[in-house]
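Okay, here's what each chain looks like letter by letter:
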Amino acid sequence: MKKLLTYFLLSLYLLSFTEARQVLKLPNLIEHYISHELRDKNTTLYSFIKMHYLDAPVKDSDYNQDMSLPFKTHDLSPISINLVVPPKKIEFNFEQKKLFVEKKQNFAYSETFYPSVFQKIWQPPKI
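Residues numbered from 1 in each chain as written. Predicted model: local features only at pLDDT ≥ 70, side-chain atom pairs only at ≥ 80, totals over all residues. Heavy atoms only, no water.

Caption draft 1: Spotlight on the packing of helix H2 (residues 26-39) against helix H3 (residues 45-54). Packing of H2 against H3 leaves a shortest axis separation of 11 Å and a crossing angle of 110 degrees. As the angle between them shows, H2 and H3 are arranged roughly perpendicular. Judged by the sense of rotation from one axis to the other, the crossing of H2 with H3 is right-handed. Together, Leu29, His32, Tyr33 and His36 of H2 and Leu45, Phe48, Met51, His52 and Tyr53 of H3 make up the contact between the two elements. Of the residues that constitute the contact of H2 with H3, the class distribution is six nonpolar, three polar and no charged. (Axes fitted to C-alpha atoms, helices over the stretch in contact; angles between N-to-C directions. Helix = DSSP H or I, 4+ residues; strand = E, 2+ residues; numbered from the N terminus. Parallel < 35°, antiparallel > 145°, perpendicular 65-115°, else oblique. Left-handed = near helix turned anticlockwise from the far one by under 90°. Contact = heavy atoms within 4.5 Å. Nonpolar A, V, L, I, M, F, W, Y, C, P; charged D, E, K, R; others polar.)

Caption draft 2: Structural view of the pattern of salt bridges. One pass over the full model with this rule turns up two salt bridges. Notably, a salt bridge pairs arginine 39 with aspartate 62, separated by 3.6 Å at the nearest N-O pair. Within this pair, whereas arginine 39 is found in helix H2, its partner aspartate 62 is found in the loop between H3 and helix H4 (63-67), the two being separated by 23 residues in sequence. Look at arginine 39 and you get exposed, because its relative accessible area is 55%. (Salt bridge = Lys/Arg side-chain N within 4 Å of Asp/Glu carboxyl O. Buried < 20%, exposed > 50% of the residue type's maximum accessible area, 1.4 Å probe, protein only.)

These figures come from the coordinates and say nothing about function on their own.
Structure, rendered in structure tokens:
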């Protein structure tokens, strides 16, 4: 049962969200090739592929059949619907960081700037 469920979910994903669904159009390719072969006996598989996939597309009488071939068009199947409910109140709080902080340092000389031990040793010269 798990194996069957795994195959089911894998095939569901591949056919829904990837271009693997183009493989399901292979019968169209075979049918279209047979119709070209009936019209012209010299048509080979290579000339058919070259005409429909490598050459520039030509709008002729079977253009709609040409576009139904696999990997000719892209299907835009992944559709998402998003419901966005805006908030009732919008508030922005931005912190302003200062790049340069100005420090005011007033330097003044004081007698206590040097420890008392050094004050005794280092005396200014006396006149």
